[in-house]
Amino acid sequence: AMGVAVASALVVEDVATALRGLDPRRHLIFNWCEGLDGYPRGYDLVPPVLEAHGFAYTGADAWTLTMTQNKAFARDVLVKHGVPTPLGKVYTRPSANGWKRFPALVKPASEHSSLGIDRHSVVDDPAHLSERIEFVLDTFKCEALVEDFIDGTEYNVSLWGNDGGEIRALPINAIDFHEFADYHDRLVVYDAKWSPESVAYNLTFVECPARLEPALQGPLEAAARAAYRALRVRDYGRIDIRIRNGQPFVLDVNSNPDITIEGGFARSARAAGFDYGQTLAAILAMAADRMPD
C-alpha cells in the first residue's frame with residue numbers, strides 16, 4: 001500500500017506560482033493539465049516550467065505532447081519508425097490534388113477529443129474531399145490530414161510503463177459500430193464521446209476486454225507498443241488502432257489520454273484488476289522514479 005498526501009493546485013495560466021513552497025525532493029507533480037488560459041490545447045507549455053523548477057511529474061514531456069498534439073507531426077514520426085499507419089497526406093489549401101483512395105477520412109491535424117469529426121468527415125469523391133478540406137482549414141485554422149478510411153471496429157490499446165522496464169498493454173477496448181449500417185457513421189465522433197443525449201453516444205458500444213481472435217491480440221499490442229516507443233510516450237498512454245486484412249494500422253497516439261474515472265484508460269485498468277486509486281498510484285510510482293535523489 002502506498003500512502004500519498006494529495007493537494008490540488010489550480011493553474012489558470014501561471015504554472016510557476018502553483019509550485020511555490022514545494023520541494024522537488026519531496027513533492028511529485030501529477031500533471032493533469034489539459035491546457036492553459038488562452039491556450040486551450042497548450043498542455044505542452046506545462047512540462048518546461050516543471051522541469052525548470054526541478055520537479056518530476058507524471059506523463060509525457062513537452063516534446064511528446066507537442067508531437068502528438070499535431071496528428072501530422074505524429075504521423076511523420078510513426079512512418080519514420082516503420083509503425084503501420086493508414087495512407088495519408090497533409091493539405092494546407094482546399095484541393096484534392098494527388099489523392100486517389102476513397103473513402104477517405106478528413107481530420108483537423110491539431111484538434112483532439114474528436115473535434116471536427118462527424119459523418120461528413122468520411123468522403124467518397126474528390127469534390128467532397130476538397131469541400132471538407134476547406135471546411136477544416138476555415139473552421140479549425142489548422143492543416144487538414146486526409147487518410148485512407150479503414151472501416152470496422154476501433155481498438156483502444158492502453159499501455160503503461162517506460163523504456164528500461166516493461167511497457168504493459170492493459171485489456172483492450174473495442175468500439176463496436178455494428179448499429180450503424182452506413183460506413184459514414186462508423187467513426188468515434190465528438191458526440192459519441194461527450195454528448196450522452198446523442199444517438200452516436202447511445203449506439204456506440206465499448207467492450208472491454210475486447211473479444212479478439214487470438215491471432216490479432218499479439219499484432220495489436222505490438223503495433224501499440226511500437227507507436228508508444230516511437231513517440232516516447234511516458235508512464236501511460238492510449239493508442240487507437242483499426243485492422244484491415246489482419247494488419248493493424250495506428251490511427252492516433254494519445255500521450256495525454258482521458259484518465260478520469262469513467263474514461264477508457266481507467267476502464268482498461270479496472271479490467272486488469274486495478275481500482276481507480278491503484279491506477280493513479282501506479283502512475284505516480286512510475287513518475288517517482290524520476291524524482292531527484
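Per chain, the residues get numbers from 1 upward, laid out in the order the sequence is written. Whole-chain, interface and lining totals are the exception, using all residues; otherwise, since this is a predicted model, local features are given only for residues with pLDDT of at least 70 and side-chain atom pairs are given and counted only at 80 or more. Calculation of side-chain values draws on the structure's entire complement of heavy atoms; hydrogens and water are dropped beforehand.

Q: Sorry, what's going on with the pattern of salt bridges here?
A: Salt bridges are defined as contacts in which a side-chain nitrogen from Lys or Arg sits within 4 Å of a carboxyl oxygen from Asp or Glu. Scanning the entire structure with this criterion turns up 15 salt bridges. Taking the shortest distance from any N to any O, the salt bridge between Arg225 and Glu221 comes out at 4.0 Å. Taken together, the residues span about one helical turn, with Arg225 and Glu221 both in helix H8 (residues 214-230) at a distance of 4 residues. Between Arg238 and Asp240 there is a salt bridge whose closest N-O contact spans 3.0 Å. We count a stretch as a helix when DSSP gives it H or I for four or more residues in a row; a strand needs E for two or more, and each element gets its number in order from the N terminus.

Q: What am I meant to see in helix H4 (residues 71-80) here?
A: Structural remark: α-helix, 3.6 residues per turn; residues separated by three or four positions point the same way. Only protein chains enter the calculation, and the probe is 1.4 Å; a residue is then buried if its accessible area is under 20% of its type maximum, exposed if over 50%, and partly exposed in between. All of the buried residues in H4 are Lys71, Ala72, Ala74, Arg75, Val77 and Leu78. Residues of H4 that are buried make contact with helix H3 (62-69), strand E1 (88-91), strand E2 (104-108), strand E4 (144-148), H8 and strand E10 (247-254). Of the residues one or two after H4, Gly82 is the one with positive phi, at around 75°. Note on definitions: a residue-residue contact is assigned when non-hydrogen atoms from the two residues lie within 4.5 Å.

Q: Hey, could you run me through empty space enclosed by the protein in this one?
A: To locate leftover empty space, one rolls a probe as large as a water molecule over the atoms. Whether a set of points on the 1 Å grid over the protein atoms alone is a cavity depends on a 1.4 Å probe fitting there but being unable to get out, while an open set qualifies as a pocket with protein on both sides within 12 Å along at least five of seven lines; lining residues are those with an atom within 4 Å of a point. Grid points are joined across faces, edges and corners, and a volume is the space filled by probe spheres set on the points. As enumerated under the stated definition, the model contains 2 cavities of 30 Å³ or more in all. Approximately 80 Å³ is the volume found for the largest cavity. What lines the largest cavity is simply Lys71, Ala74, Arg75, Leu78, Thr85, Lys107, Leu145, Glu147, Val250, Leu251, Asp252 and Val253. Counting only elements with at least two residues in the lining of the largest cavity, the list comes to H4, E4 and E10. Taken together, the residues that form the lining of the largest cavity break down as 6 nonpolar, 1 polar and 5 charged. In this structure, the second largest cavity occupies an estimated 60 Å³ of space. Each residue gets one label: Ala, Val, Leu, Ile, Met, Phe, Trp, Tyr, Cys and Pro are nonpolar, Asp, Glu, Lys and Arg are charged, and the others, such as Gly, are polar.

Q: What exactly am I supposed to notice about the nonpolar core here?
A: Soluble globular proteins tend to pack their nonpolar side chains together in the buried interior. Counting residues in hydrophobic clusters, the biggest one holds 28 residues, and the most contacted among them are Leu78, Leu159, Leu231, Ile239, Ile241, Val250 and Val253. With 7 residues, H8 is the largest single contributor of residues to this core. With residues near it in sequence (within four places) discarded, Val250 still touches Leu78, Val83, Pro84, Thr85, Pro86, Ala223, Ala227, Ile239, Asp240 and Ile241. Only buried Ala, Val, Leu, Ile, Met, Phe, Trp, Tyr and Cys residues count toward a nonpolar core, and they belong to the same one when joined by side-chain atoms within 4.5 Å. Of all hydrophobic cores here, the second largest spans 14 residues; its members include Ala96, Trp99, Ala104 and Leu129.

Q: Help me out: how do you make sense of the packing of aromatic side chains in this one?
A: To describe a pair of aromatic rings, one takes the distance between the centres and the angle between the planes. Centres within 6.5 Å make a pair out of two Phe, Tyr or Trp rings, where for Trp the six-membered ring is used; the pair is then stacked when the planes are under 30 degrees apart, edge-to-face when over 60, and tilted otherwise. Overall, the coordinates contain 6 aromatic pairs when judged by the stated rule. By the ring-pair criterion, three or more aromatic residues cluster together here, those being Trp160, Tyr236, Phe265 and Phe274. Just above the ring of Tyr57 sits the side chain of Arg234; from NZ or CZ to the centre is 5.0 Å. Geometrically, a charge over a ring is one whose NZ (Lys) or CZ (Arg) sits within 6 Å of the ring centre while staying within 35 degrees of the ring normal.

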